[in-house]
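# Reading the structure
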Amino acid sequence: MTARYLREEHHIFREAFRKFLEKEAYPYYDEWEQRGIIPRSFWAKMGENGFLCPWVDEKYGGLNADFAYSVVINEELEKVGSSLVGIGLHNDIVTPYIASYGTEEQKQKWLPKCISGELITAIAMTEPGAGSDLANISTTAVKDGDYYIVNGQKTFITNGIHADLIVVACKTDPHAKPPHRGISLLVVERDTPGFTRGRKLEKVGLHAQDTAELFFQDAKVPKENLLGEEGKGFYYLMEKLQQERLVVAIAAQTAAEVMFSLAKHYVKQRSAFGRRVSEFQTVQFRLAEMATDIAIGRTFVDRVIEEHMAGKQIVTEVSMAKWWITEMAKRVAAEAMQLHGGYGYMEEYEIARRYRDIPVSAIYAGTNEMMKTIIARQLDL
Ligand SMILES: Cc1cc2nc3c(=O)[nH]c(=O)nc-3n(C[C@H](O)[C@H](O)[C@H](O)COP(=O)(O)OP(=O)(O)OC[C@H]3O[C@@H](n4cnc5c(N)ncnc54)[C@H](O)[C@@H]3O)c2cc1C
């Protein structure tokens, strides 16, 4: 059954994008995983072909495409591999901050290059000492003439090595009460004096994703790089985190669907005790359970996508989708690996990579514990 928000044009777009990925991504993905990075040339090809930020207004070079196109792009990227998450982050998580809160000048300057792939973006909230507790970040930005002087450190930043533009959450008023009122967003550009990047972090999974640390030591950021208003950063983050969580749920749902297919394919061709493994009732029941979980996840995420596209408030629903679907995908990963027997533990089988890539979806974009905290707040307890 296809989702109600997908029309003929989205199916045609999906076919075109899939063909592009078959030529430009699938054949190279293992090499990117080994090298630990996705080459910029791939980003440029994505841009040339209209697959970066197609939702941006035509005025800035975009296609004015609706969110269903973003869903298609994120699903197809996830089918190649989870390390492509940085592209979804650029398309549907970071660039929207510029489009929503940027001045006309900022939009003219940056949006066309985000679409072409000349500029790769990142968002830097997390610090070594503060992740979930975002209001208590300690990076500061102090106004000095025409600049903000930024000091602090960020960690776990997706696209951290490639990024040319980084939306950095910092305290412009470290004494604000409550603390979240002191947070502002600054756009830090690649060559900003005092800004350096650390090493590419060695992760359990997402091996081709360039996750990095960022350092700011008296970094001089022009005051016109403030995004929106001073002191409103936390509110902007809370608003944009909804689409970020939806994108994570969409990717995890897609990953679960891929892992189910891998397991099903494997048990149908593997034999034991003179039968195909898929003929054992216990195996069939496990696949039936996985298929049920996946169908429930798909129904729910499609509903949240529709509501998001209709401009509805989705804070509670998206928190539910994010935690439930990512946990479901982790269960599917474990079952799918088990059904592969020893081969599932071998790198040459895709399920091995999928198994180590999926757990982070329960951690980033707000941990699943934080999702439950948000849901509980709505329960009138
Ligand atoms: C691969 C990867 C990519 C990432 N990309 C980015 C990025 O691009 N930009 C960015 O800013 N960040 C990024 N992050 C950071 C990510 O968002 C944080 O790791 C996450 O928000 C959790 O923060 P933390 O690691 O500081 O854990 P902590 O906040 O220290 O949490 C530790 C544990 O305590 C739990 N916990 C904390 N508070 C509570 C509470 N009140 N109630 C119950 N349990 C609680 C958490 O759920 C967690 O299980 C990335 C992380 C990873 C691993």
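Residues numbered from 1 in each chain as written. Predicted model: local features only at pLDDT ≥ 70, side-chain atom pairs only at ≥ 80, totals over all residues. Heavy atoms only, no water.

Labelled according to an unreviewed UniProt entry, the protein chain appears under the name Acyl-[acyl-carrier-protein] dehydrogenase MbtN, originating from Geobacillus thermodenitrificans. For the record of the protein chain, the UniProt heading Sequence similarities (unreviewed entry) holds the text "Belongs to the acyl-CoA dehydrogenase family." (UniProt positions renumbered as here; feature names shortened; annotations may be inferred.)

Okay, the overall build of the protein chain next. For the protein chain, the helix and strand inventory stands at 11 helices and 10 strands. A compact globule built from 381 residues would reach a C-alpha radius of gyration of about 21 Å, and the protein chain, at 21 Å, matches this within 12%. Each of the three principal axes of the protein chain carries a C-alpha extent, and together these read 80 × 50 × 40 Å. Taken across its 381 residues, the protein chain has 54% of its residues classed as buried. Considering only residue pairs separated by 6 or more positions, the protein chain has 75% of its internal contacts joining residues 24 or more positions apart. For the protein chain, the exposed area adds up to about 17300 Å²; of that, 53% sits on carbon and sulfur atoms. Distance between charge centres in the protein chain, computed from 46 positive and 52 negative side chains, equals 3 Å. (Helix = DSSP H or I, 4+ residues; strand = E, 2+ residues; numbered from the N terminus. Rg over C-alpha atoms; globule rule 2.2 N^0.38 Å. Buried < 20%, exposed > 50% of the residue type's maximum accessible area, 1.4 Å probe, protein only. Contact = heavy atoms within 4.5 Å. Areas by Shrake-Rupley, 256 points an atom, 1.4 Å probe, with all protein chains shown as cover. Lys, Arg positive; Asp, Glu negative; His and termini not counted. Charge placed at Lys NZ, Arg CZ, Asp CG, Glu CD.)

Time to look at a nonpolar patch on the surface. A cluster of nonpolar side chains, namely Tyr-343, Tyr-345 and Met-346, defines an oily patch on the protein surface of about 360 Å² accessible area. In this structure, Tyr-343 sits in the loop between helix H9 (315–339) and helix H10 (350–357). Classification of Tyr-343 as partly exposed rests on a relative accessible area of 38%. (Patch = residues over 30% accessible without salt bridge, like charges linked within 9 Å, V, L, I, M, F, W, Y side chains within 5 Å. Salt bridge = Lys/Arg side-chain N within 4 Å of Asp/Glu carboxyl O.)

The environment of the ligand is made up of 17 residues, and the closest members are Thr-126, Ser-132, Phe-156, Thr-367 and Glu-369. Between Ser-132 and the ligand, the recorded distance is 2.6 Å, taken from a side-chain N or O atom to an oxygen atom. Relative to its unbound accessible surface of 980 Å², the ligand loses 64% to contact with the protein. For the shell around the ligand, the secondary structure elements donating two or more residues are strand S1 (121–124), strand S3 (147–157) and helix H11 (368–377). (Near = heavy atom within 4 Å. Polar contact = N/O pair within 3.5 Å; in protein donor to acceptor, adjacent residues only side chain to side chain.)

Following the criterion strictly, the structure yields 33 salt bridges and no others. Among the charged side chains, a network of salt bridges with common partners joins Arg-14, Glu-15, Arg-18, Glu-75, Glu-76, Lys-79, Glu-257, Arg-298 and Asp-302.

A few words now on the nonpolar core. In this structure, Phe-42, Met-46, Leu-84, Ile-123, Leu-246 and Met-259 are the most contacted members of the largest nonpolar core, which totals 92 residues. In terms of residues, this core owes the most to one element, helix H7 (residues 233–269), which gives 15 residues. In terms of nonpolar packing, the next biggest core, distinct from the first, is built from 18 residues, Ala-124, Ala-141, Val-168 and Val-188 among them. (Core = buried A, V, L, I, M, F, W, Y, C linked by side-chain atoms within 4.5 Å.)

For the rest of this paragraph, the subject is the layout of surface pockets. Approximately 330 Å³ is the volume found for the second largest pocket. As for the second largest pocket, its lining consists of 18 residues, of which Glu-239, Lys-240, Gln-242, Gln-243 and His-308 are closest to the centre. When contributions to the lining of the second largest pocket are tallied by element, the ones reaching two or more residues are helix H4 (67–80), helix H5 (85–101) and H7. Of the residues contributing to the lining of the second largest pocket, the split by class is six nonpolar, seven polar and five charged. (1 Å grid on protein atoms, 1.4 Å probe; cavity = no way out; pocket = protein on both sides within 12 Å on 5 of 7 lines; lining within 4 Å. Points joined across faces, edges and corners; volume = space filled by probe spheres on them. Nonpolar A, V, L, I, M, F, W, Y, C, P; charged D, E, K, R; others polar.)

The topology assignment puts Asp-92 in helix H5. For the buried Asp-92, which has no salt bridge, the nearest side chain bearing the opposite charge is Lys-240, at an N-O separation of 10 Å. In terms of polar contacts, Asp-92 uses its side chain to reach the side chain of Ser-70, at 2.8 Å. Dropping the residues within four chain positions of it, Asp-92 is found in contact with Trp-55, Ser-70, Asn-74, Gln-243 and Val-247.

Quick look at unusual backbone geometry now. Going from Lys-177 to Pro-178, the amide bond is cis rather than trans, its omega being -10°. Mapped onto the secondary structure, Pro-178 falls in the loop between strand S4 (165–171) and strand S5 (183–189). Of note in this structure, Asn-64 is not a glycine but carries a positive phi near 60°. For Asn-64, the location among the structural elements is in the loop between helix H3 (40–48) and H4. We note that Asp-380 has phi near 55°; this positive angle belongs to a residue other than glycine. When you line up the elements, Asp-380 lands in the segment after H11.

Under the UniProt annotation, the feature "domain: Acyl-CoA dehydrogenase/oxidase C-terminal" (unreviewed entry) is placed at residues 231–379. Helix makes up 73% of residues 231–379 and strand 3%, whereas the separation of the span's terminal C-alpha atoms amounts to 29 Å.

As a packed pair, H5 and helix H6 (residues 104–116) sit with axes 9 Å apart at the nearest point and diverge in direction by 160°. It follows from the interaxial angle that H5 and H6 lie roughly antiparallel. Where H5 crosses over H6, the handedness of that crossing is left-handed. On the side of H5, the interface is formed by His-90, Thr-95, Ile-98, Ala-99 and Tyr-101, while H6 contributes Gln-106, Lys-107, Trp-110, Leu-111 and Cys-114. Considering only residue class, the contact of H5 with H6 consists of six nonpolar, three polar and one charged. (Axes fitted to C-alpha atoms, helices over the stretch in contact; angles between N-to-C directions. Parallel < 35°, antiparallel > 145°, perpendicular 65-115°, else oblique. Left-handed = near helix turned anticlockwise from the far one by under 90°.)

Once that is clear, we can look at the environment of Val-221. Take Val-221: it is sitting in strand S7 (residues 212–222). Classification of Val-221 as buried rests on a relative accessible area of 0%. Sequence separation between Val-221 and Leu-84 is 137 residues, and the spatial gap between their C-alpha atoms is 29 Å. Setting aside residues up to four positions removed in sequence, Val-221 forms contacts with Asp-146, Tyr-147, Tyr-148, Val-150, Leu-186, Val-187, Val-188 and Thr-192.

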